[in-house]
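# Examination of the molecular architecture
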Amino acid sequence: MNFKRVAIIGVDCISVSIALGLKAQPEPPEIVGYDAQAVAADLARAQGAFDRAERKLDQACRDADLVIVSVPLSTIRETFAAIAPHLQPGCYVTDTASLKIPVMRWAEELLPENVSFAGGHLVPNPAVVGFDPQEGLESARADLLKEALYCFTTPHQTSGAEIQAFTELAEALEAQPFFIDVTEHDGLQAGVEGLVDLLTVALLRATVDTPGWQEMRKFASHRFAVATEAADDAHARLSITFANRENLIRRLDVLLRELVHLRDLLNLDDAEPLEKTFAAAAKGRARWIEERNQGMWVKRGDTTTDRIPTTGDRIGGLIFGERLASRLKKGPDRSRKE
């Protein structure tokens, strides 16, 4: 990895783990941190993640050859606008948001043409982190992202050299680089993240403050609390939900059909069809849990990238999402800096 100075914009578990992972390299880059809450950057520096913490955003980005933006989705656009005038030509920029379509649009709109951008989304390996949420600086560690899935979404004109650079970033963290089409990425997120948020809202609206809730609440226990936990971060979840609404509408249509099907089964006098439906759902979840406990189920070498622009053998080991792989087979990418 050839990055000499890395700027981390925003302090959270993932960004600090990236910093700690880079600091663990045999020849680590200089890492400069910045957060709107200065105390957070100072705490990360005290943990050894940053060489120094800057109080001003422009100072943090100065002379950086890699900038990692790790702020909430709702503030990414303004962050891109703020850092754009201070990025040196040839700088690489990425982010850590879990939604990529709006991020790619903002990067195209606001970042200079003489920098290289790829959307980033890190998914820790379940065999490493288990089911516990990875939140807060206390959860950050250098090996948190080992064998993680490091998703990248790139503009159509991304060159092979740029792909190589982002690949080396993932490999420095011992993560699995996974280049995926931006639409495919957000469509997948809709099913396992956005739909959960909508279910939470629907469950709360169907129970809390409805007729009978005054008595019903006496019976609400841990299961109800866990099922509605996503509502605790309502503002952040709202911005992500609205930004991904097209994908969520398609997923919601599928869910509505399933709910209607369950209602129809409940109207039957025979419990056997409902029993089979419950059993099938339980079997599917058990299979997912077993696969998850085994770790990330995408491995190096599962696909080839013979038709992808490449500057080394490591590109041939990347795994690409289905839609991106199909797109790339149509022909080689053009250089981003024409």
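Predicted model only: the values in this text are computed from it and were never measured.

### Thoughts on the nonpolar core
Grouped together as the largest cluster of nonpolar side chains are 40 residues, with contacts concentrated most on Ile18, Phe50 and Tyr150. Contributing elements (two or more residues each) for this core: β1 (5-9), α1 (13-23), α2 (38-46), β4 (66-69), β6 (116-123), β7 (149-153) and α7 (160-172). The leading source of residues in this core is α1, at 7 residues. Residues contacting Ile18, with those up to four places away along its chain left out, are Ile68, Thr96, Leu122, Leu145, Tyr150 and Leu173. Of all hydrophobic cores here, the second largest spans 28 residues; its members include Cys91, Val93, Ala97 and Met104.

### A look at empty space enclosed by the protein
Counted by the stated rule, this structure contains 2 cavities of 30 Å³ or more. Empty space within the largest cavity amounts to approximately 60 Å³. Along its surface, the largest cavity is lined by Ser98, Leu99, Gln189, Ala190, Glu193, Gly194, Asp197, Arg237, Ile240, Thr241, Asn244 and Leu248. Among the elements of the structure, α8 (182-205) and α11 (234-243) are those that each provide at least two residues to the lining of the largest cavity. The dominant element in the lining of the largest cavity, judged by the number of residues it contributes, is α8, at 5 residues. Among the residues forming the lining of the largest cavity, the class breakdown is 4 nonpolar, 5 polar and 3 charged.

### Brief notes about unusual backbone geometry
Positioned with a positive phi, Asp63 is a non-glycine residue whose angle comes to about 65 degrees. Secondary-structure assignment places Asp63 in the loop between α3 (57-61) and β4. Phi at Glu174 is positive, roughly 60 degrees, even though this residue is not glycine. For Glu174, the location among the structural elements is in the loop between α7 and β8 (176-179).

### Quick notes on the packing of helix α5 (residues 101-110) against α8
Viewed as axis vectors pointing N to C, α5 and α8 meet at an angle of 145 degrees, and their least axial separation amounts to 9 Å. Residues Ile101, Pro102 and Met104 of α5 pack against Val182, Thr183 and Asp186 of α8. When its residues are assigned to classes, the contact of α5 with α8 shows 4 nonpolar, 1 polar and 1 charged.

### As for the packing of aromatic side chains
Taken as a whole and assessed by the stated rule, the structure comprises 7 aromatic pairs. Ring geometry for Trp213 versus Phe224: centroids 5.9 Å apart, planes at 40 degrees, classification tilted. Of this pair, Trp213 sits in helix α9 (residues 213-216) while Phe224 sits in helix α10 (residues 222-227), and the two are 11 residues apart along the sequence. Of the aromatic side chains, those joined through ring pairs into one cluster are Phe3, Tyr92, Tyr150, Phe152, Phe166 and Phe179. The positively charged end of Arg245 is found above the aromatic ring belonging to Phe242, 4.0 Å away from the centroid.

### Quick look at the confidence of the model for the protein chain
When the pLDDT values of the protein chain are averaged, the result is 87; 87% of them are 70 or greater. Contacts from residues 301-320, a stretch scored under 50 in pLDDT, to residues over four places away or in other chains number 49 contacts. Note that pLDDT drops below 50 for residues 327-338; the model gives that stretch 32 contacts with residues more than four away or on any other chain.

### Things to note about the layout of surface pockets
Of the pockets and cavities examined, the second largest pocket occupies roughly 280 Å³. What lines the second largest pocket is a set of 14 residues, among which Ile101, Arg105, Ala243, Asn244 and Arg245 lie closest to the centre. Contributions of two or more residues to the lining of the second largest pocket are made by α5, α11 and α12 (245-266). Split into classes, the residues belonging to the lining of the second largest pocket amount to 6 nonpolar, 4 polar and 4 charged.

Here is what the cut-offs are and how they apply
- Residues numbered from 1 in each chain as written.
- Predicted model: local features only at pLDDT ≥ 70, side-chain atom pairs only at ≥ 80, totals over all residues.
- Heavy atoms only, no water.
- Core = buried A, V, L, I, M, F, W, Y, C linked by side-chain atoms within 4.5 Å.
- Buried < 20%, exposed > 50% of the residue type's maximum accessible area, 1.4 Å probe, protein only.
- Helix = DSSP H or I, 4+ residues; strand = E, 2+ residues; numbered from the N terminus.
- Contact = heavy atoms within 4.5 Å.
- 1 Å grid on protein atoms, 1.4 Å probe; cavity = no way out; pocket = protein on both sides within 12 Å on 5 of 7 lines; lining within 4 Å.
- Points joined across faces, edges and corners; volume = space filled by probe spheres on them.
- Nonpolar A, V, L, I, M, F, W, Y, C, P; charged D, E, K, R; others polar.
- Axes fitted to C-alpha atoms, helices over the stretch in contact; angles between N-to-C directions.
- Phe/Tyr/Trp six-rings, centres within 6.5 Å; stacked < 30°, edge-to-face > 60°.
- Lys NZ or Arg CZ within 6 Å of the ring centre and 35° of its normal.
- pLDDT = per-residue confidence, 0-100.

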